[in-house]
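Spelled out, the chains give:
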Amino acid sequence: MKTQNCPICEMGQLTNHSELVAVEHLGQQGHIESHYAICDCCGSEQAGTAEARFNKRAMIAFKKQVQGLLIGAEVQDLRKRWGLNQLEAAKVFGGGPVAFSKYEANDVMQSDAMDKLLRLSADVPGTLDKLMANAGVSRKTAAGWSNLTVVNFRAPSRKTIVLQSHKLETEREARYA
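Below is a short write-up of the structure. These numbers were taken from a predicted model, which means no experiment stands behind them.

Brief notes about the environment of Ala 133
(1) Moving on: Here Ala 133 shows up in helix α6 (residues 125–135).
(2) Moving on: Sequence separation between Ala 133 and Val 92 is 41 residues; the distance between their C-alpha atoms is 8.4 Å.

Right, dumping it as structure tokens:
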């Protein structure tokens, strides 16, 4: 590891440290790991760019947990389970070309709506397929259900019109009304 001179006293060396610190968000308390450096000469505590980024991400992950949102690792697990890269996931779900990179690294909190859309896509496989089709992204993993019927709910009459129906070779069948 590269040692750094203290920018404050310009005489000492900085040593990396971490500790659990108490945090609070929306009335809920918890602890996150905080990274910083201490000068062996003047004793100043400081956080550089890397430490500040780590600390910010830890706090955002805590806030996501408190608010009931998926944390970065959970977003990444879903995306990988669906066989999507980050750019494809952004095309499918929206949020911009680097949105998933930021969600997964806990650089930003996804909106409640985005979180609900991700959870819905995980729970109702047809939702993911519809979003992928709309975005022009093809499925790279096998569907976890056997029958898919795409219907047009915006048909001018009160009847439901079946646009497509597929029989897929998988283990289980899901029906959604």
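Focus on the sheet that holds strand β4 (residues 45–46)
(1) Moving on: The strand order β1-β2-β3-β4 describes an open sheet built from 4 strands, whose pairing is antiparallel. Only two strands of the sheet have a single neighbouring strand rather than two, namely β1 (4–5) and β4.
(2) Moving on: Note: β1 against strand β2 (residues 13–25), 2 bridges, orientation antiparallel. Note that in β2 the partner of Gln 4 across the bridge is Leu 14.
(3) Moving on: Along the sheet, helix α1 (residues 49–66) contacts β2 and β3 (28–39); its crossing angle with β3, the most-contacted strand, is approximately 175 degrees.

Some thoughts on the pattern of salt bridges
(1) Moving on: Scanning all chains against the criterion turns up 5 salt bridges.
(2) Moving on: Among the salt bridges present, the one from Asp 107 reaches Arg 57, with a minimum N-O distance of 2.6 Å. On the criterion of sequence distance, the pair formed by Asp 107 in the loop between α4 (99–104) and α5 (112–123) and Arg 57 in helix α1 is long-range, its members being 50 residues apart.
(3) Moving on: With its nearest N and O atoms 2.4 Å apart, the salt bridge here joins Lys 140 to Glu 88.

Some details on the nonpolar core
(1) Moving on: By size, the foremost hydrophobic cluster in this structure holds 18 residues, and its most contacted members are Trp 82, Leu 84, Val 92, Phe 93, Phe 100 and Leu 118.
(2) Moving on: Mapped onto this core, the elements with two or more residues apiece are α2 (72–81), α3 (86–93), α4, α5 and α6.
(3) Moving on: Among the elements that take part in this core, α3 stands out by supplying 4 residues, more than any other.
(4) Moving on: The residues contacting Leu 118, other than those within four sequence positions of it, are Leu 70, Val 75, Leu 78, Trp 82, Phe 93 and Phe 100.
(5) Moving on: Of all hydrophobic cores here, the second largest spans 6 residues; its members include Ala 58, Met 59, Phe 62 and Val 66.

Some thoughts on the packing of aromatic side chains
(1) Moving on: Inspection of the entire model under this criterion finds 3 aromatic pairs.
(2) Moving on: Ring geometry for Phe 100 versus Tyr 103: centroids 5.3 Å apart, planes at 70 degrees, classification edge-to-face. Here the residue Phe 100 and the residue Tyr 103 both occupy positions in helix α4, the gap between them amounting to 3 residues, near one helical turn. Note on accessibility: Phe 100 and Tyr 103 belong to one class, buried.

Here we look at the side chain of Ser 121
(1) Moving on: Locating Ser 121 in the fold gives a position in helix α5.
(2) Moving on: Residue classification places Ser 121 among the buried residues on the basis of a relative accessible area of 2%.
(3) Moving on: Apart from residues lying up to four places away in sequence, Ser 121 is in contact with Trp 82, Phe 93, Thr 127, Leu 128 and Leu 131.

Overview of the packing of α5 against α6
The packing of two helices is summarised by the inter-axis angle and the distance between the axes.
(1) Moving on: For the pair α5 and α6, interaxial distance at closest approach is 4 Å and the crossing angle is 115 degrees. On the side of α5, the interface is formed by Leu 117, Leu 120, Ser 121 and Asp 123, while α6 contributes Pro 125, Thr 127, Leu 128 and Leu 131.
(2) Moving on: The class makeup of the residues in the contact of α5 with α6 is 5 nonpolar, 2 polar and 1 charged.

Comments concerning unusual backbone geometry
(1) Moving on: Unlike most non-glycine residues, Leu 26 shows phi in positive territory, near 50 degrees.
(2) Moving on: Of note, Leu 26 is situated in the loop between β2 and β3.
(3) Moving on: Of the residues examined, Leu 26 reaches a relative accessible area of 65% and is grouped as exposed.
(4) Moving on: Positive phi outside glycine occurs at Asn 106, with the angle close to 60 degrees.
(5) Moving on: Mapped onto the elements, Asn 106 comes out in the loop between α4 and α5.
(6) Moving on: On the basis of relative accessible area, Asn 106 is assigned to the buried category, the value being 11%.

Cut-offs used in this document
- Going along each chain's sequence as written, the residues are numbered from 1 onward.
- Reporting of local features is limited, given that this is a predicted model, to residues whose pLDDT is at least 70; pairs of side-chain atoms are given and counted only at 80 or more, and all residues count toward the totals for whole chains, interfaces and linings.
- Each side-chain value is worked out from all heavy atoms of the structure, with water and hydrogens disregarded.
- Helix and strand assignments come from DSSP, with helices taken as H or I runs of at least 4 residues and strands as E runs of at least 2, each series counted from the N terminus.
- Two strands pair under a simple rule: DSSP has to find at least two bridges between them.
- Two residues form a contact once any of their heavy atoms are found within 4.5 Å.
- As a rule, the C-alpha atoms of each element are fitted with a line to give its axis, helices using only the stretch in contact, and angles between N-to-C directions run from 0 to 180 degrees.
- Definition used for salt bridges: Asp or Glu carboxyl oxygen within 4 Å of a side-chain nitrogen of Lys or Arg.
- In this description, a nonpolar core means a group of buried Ala, Val, Leu, Ile, Met, Phe, Trp, Tyr and Cys residues linked to one another through side-chain atoms lying within 4.5 Å.
- Categorising residues by exposure relies on relative accessible area from a 1.4 Å probe, with only protein chains included: less than 20% of the type maximum marks a residue as buried, more than 50% marks it as exposed, and the intermediate range marks it as partly exposed.
- Any Phe, Tyr or Trp ring, taking Trp's six-membered ring, that has another such ring centre within 6.5 Å forms a pair; planes under 30 degrees apart are called stacked, those over 60 apart edge-to-face, and the others tilted.
- Residues are grouped as follows: nonpolar covers Ala, Val, Leu, Ile, Met, Phe, Trp, Tyr, Cys and Pro; charged covers Asp, Glu, Lys and Arg; every other residue, Gly included, is treated as polar.

Just geometry here; none of it tells us what the structure is for.
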